[in-house]
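Residues per chain, in single letters:
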Amino acid sequence: MSPALDLDVGLVVAGHGRHYIVETPEGHRFICHPRGKKSECVVGDRVRWQRSGDEGVIEHVEPRRNLLFRQDEWKTKSFAANLDQLLVLVAAEPVFSESQLARALIAAESADIPARIVLNKADLPAIAGARERLAPYRQMGIEVHEVALKALPHAACELMEPLLTDRVTLVIGPSGAGKSTLINLLVPDARAQVGEISQALQAGRHTTTTTQWYWLDAARTRALIDSPGFQEFGLRQLEARQLAALMPDLREPAQACRFYNCTHLHEPACGVREALERGAIAESRYRIYREIFAELASR
Ligand SMILES: Nc1nc2c(ncn2[C@@H]2O[C@H](COP(=O)(O)OP(=O)(O)O)[C@@H](O)[C@H]2O)c(=O)[nH]1
Ligand SMILES: [Mg+2]
Ligand SMILES: [Zn+2]
């Protein structure tokens, strides 16, 4: 029996530096500190903790079902743990980086987290171009939902609510895509939930926005996790040779390569390049494959 079993159970709903907010099963929240490196956690973690005055000490992090993270040359950055799905929010404007989108989907695939794309600002003329850039993703079986969170909030709610039922959903997306608009639309008491947490965490200091868990309903059956924007989405946790298998449109063509260790860059009888030539793989996707492959192979 784990020595942690006599401790209280909690859910990590926010984190900043070495401070976390842990929520009890009854819905009470406490500022907690990890005991040591082994009890460092991320939003979405289930932890065992102990009261210590007004605050608490995290003694143990329960095993994670999954963890979404990115890794650049220097550091690993976790988004959140124990997710049911990833929702990548992009918009007609500002033009989104397809490479960042592809990287997020690859990270989700490698962590075994289902992902979907929501394309916002359907009221703008630029929507047509954005829709076209997302065609390869629809084609490979990823659901792409179009909304106008600000312009048509009611329709957006109706579309989004069934996608979020009984699930914990992490939302990521570039700045300006409409993440705050989405949270404010779907989480009626978002400001209160944020206020409560930042008040507790700040304690007079200035803090940057951090990853935050929001309950969507009073019964606490569904949640959205909002995470801060990022510049780079490194995938250094992966091996170059794993990459094609994590890209659904390359996976099957790669089965047809003559060489089992084909890199799909220059080998003869390559199923991927053959699929590219017949237009079954989009050029943008192959370009992104090469870009990430080069990054991973250069270590
Ligand atoms: N035209 C249009 N603008 C929107 C829509 N949704 C959000 N915006 C605007 O896009 C800008 C960025 O939204 P925000 O939610 O702050 O994005 P965030 O940076 O991802 O949090 C704001 O000026 C919003 O009013 C929409 O459906 N249509
Ligand atoms: Mg925002
Ligand atoms: Zn190949």
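The following refers to the structure shown. Predicted model only: the values in this text are computed from it and were never measured.

### A closer look at the site of ligand 1
So, point 1. Surrounding ligand 1, one finds 16 residues, the nearest of these being Asp-123, Gly-176, Lys-179, Ser-180 and Thr-181.
So, point 2. In this structure, an oxygen atom belonging to ligand 1 sits 2.9 Å away from a side-chain N or O atom of Lys-121.
So, point 3. Residue Thr-181 places a side-chain N or O atom 2.5 Å away from an oxygen atom belonging to ligand 1.
So, point 4. Contact with the protein chains covers 72% of the free accessible surface of ligand 1, which is 580 Å².
So, point 5. With three residues, the top contributor of residues to the shell around ligand 1 is helix H5 (residues 179-186).
So, point 6. Residues of the shell around ligand 1, tallied by class, amount to six nonpolar, six polar and four charged.

### Focus on the pairing of strand E6 (residues 67-71)
So, point 1. Here E6 shows a clear split, with Leu-68 and Arg-70 buried on one side and none of Leu-67, Phe-69 and Gln-71 buried on the other.
So, point 2. Strand direction decides the pairing type here: E6 and strand E7 (residues 76-81), joined by five bridges, are antiparallel. Opposite Leu-68, over in E7, you have Ala-80 as the bridge partner.
So, point 3. The antiparallel hairpin formed by E6 and E7 contains four residues in its connecting segment.

### Brief notes about the packing of helix H4 (residues 153-164) against H5
A pair of packed helices can be characterised by two numbers: the angle between their axes and the separation between those axes.
So, point 1. Two elements in contact, H4 and H5, have axes whose closest approach is 11 Å; the angle formed by their N-to-C orientations is 80°. In terms of their interaxial angle, H4 and H5 are classed as roughly perpendicular. Of the residues in H5, those in contact with Pro-153, Ala-156, Cys-157, Met-160, Glu-161 and Leu-164 of H4 are Leu-182, Leu-185 and Leu-186.
So, point 2. Partitioned by chemical class, the residues of the contact of H4 with H5 number eight nonpolar, no polar and one charged.

### Remarks on the packing of aromatic side chains
So, point 1. For the structure shown, the criterion picks out five aromatic pairs.
So, point 2. Ring centres of Trp-213 and Trp-215 lie 5.1 Å apart, and the angle between their planes is 70°; this geometry places the pair in the edge-to-face category. Like Trp-215, Trp-213 is buried.
So, point 3. The positively charged end of Arg-133 is found above the aromatic ring belonging to Phe-96, 4.4 Å away from the centroid.

### Points about the coordination of the zinc ion (ligand 3)
So, point 1. Around the zinc ion (ligand 3), the protein contributes the donor atoms Cys-257 (SG), Cys-262 (SG), His-264 (ND1) and Cys-270 (SG), at 2.1 to 2.4 Å from the metal centre.
So, point 2. Every donor residue of the zinc ion (ligand 3) comes from the same chain, spaced as C-x4-C-x1-H-x5-C.
So, point 3. According to the relative accessible area criterion, His-264 is buried, its value standing at 5%.

### A look at the packing of helix H1 (residues 98-110) against helix H9 (residues 283-297)
So, point 1. One can describe the packing of H1 onto H9 by two numbers: an axis separation of 10 Å at closest approach and a directional angle of 70°. In terms of axis orientation, H1 runs roughly perpendicular to H9. Remark: the crossing between H1 and H9 carries right-handed chirality. On H9, the residues touching Glu-98, Ser-99, Ala-102, Arg-103 and Ile-106 of H1 are Ser-284, Arg-285, Ile-288, Glu-291, Ile-292 and Glu-295.
So, point 2. Here the contact of H1 with H9 is built from residues that sort into four nonpolar, two polar and five charged.

The rules behind the values
Residues numbered from 1 in each chain as written. Chains lettered and ligands numbered in written order. Predicted model: local features only at pLDDT ≥ 70, side-chain atom pairs only at ≥ 80, totals over all residues. Heavy atoms only, no water. Near = heavy atom within 4 Å. Polar contact = N/O pair within 3.5 Å; in protein donor to acceptor, adjacent residues only side chain to side chain. Areas by Shrake-Rupley, 256 points an atom, 1.4 Å probe, with all protein chains shown as cover. Helix = DSSP H or I, 4+ residues; strand = E, 2+ residues; numbered from the N terminus. Nonpolar A, V, L, I, M, F, W, Y, C, P; charged D, E, K, R; others polar. Buried < 20%, exposed > 50% of the residue type's maximum accessible area, 1.4 Å probe, protein only. Pairing = 2+ DSSP bridges. Axes fitted to C-alpha atoms, helices over the stretch in contact; angles between N-to-C directions. Parallel < 35°, antiparallel > 145°, perpendicular 65-115°, else oblique. Contact = heavy atoms within 4.5 Å. Phe/Tyr/Trp six-rings, centres within 6.5 Å; stacked < 30°, edge-to-face > 60°. Lys NZ or Arg CZ within 6 Å of the ring centre and 35° of its normal. Donors = N, O, S within 2.8 Å, 3.2 Å for Na, K, Ca; no water. Left-handed = near helix turned anticlockwise from the far one by under 90°.

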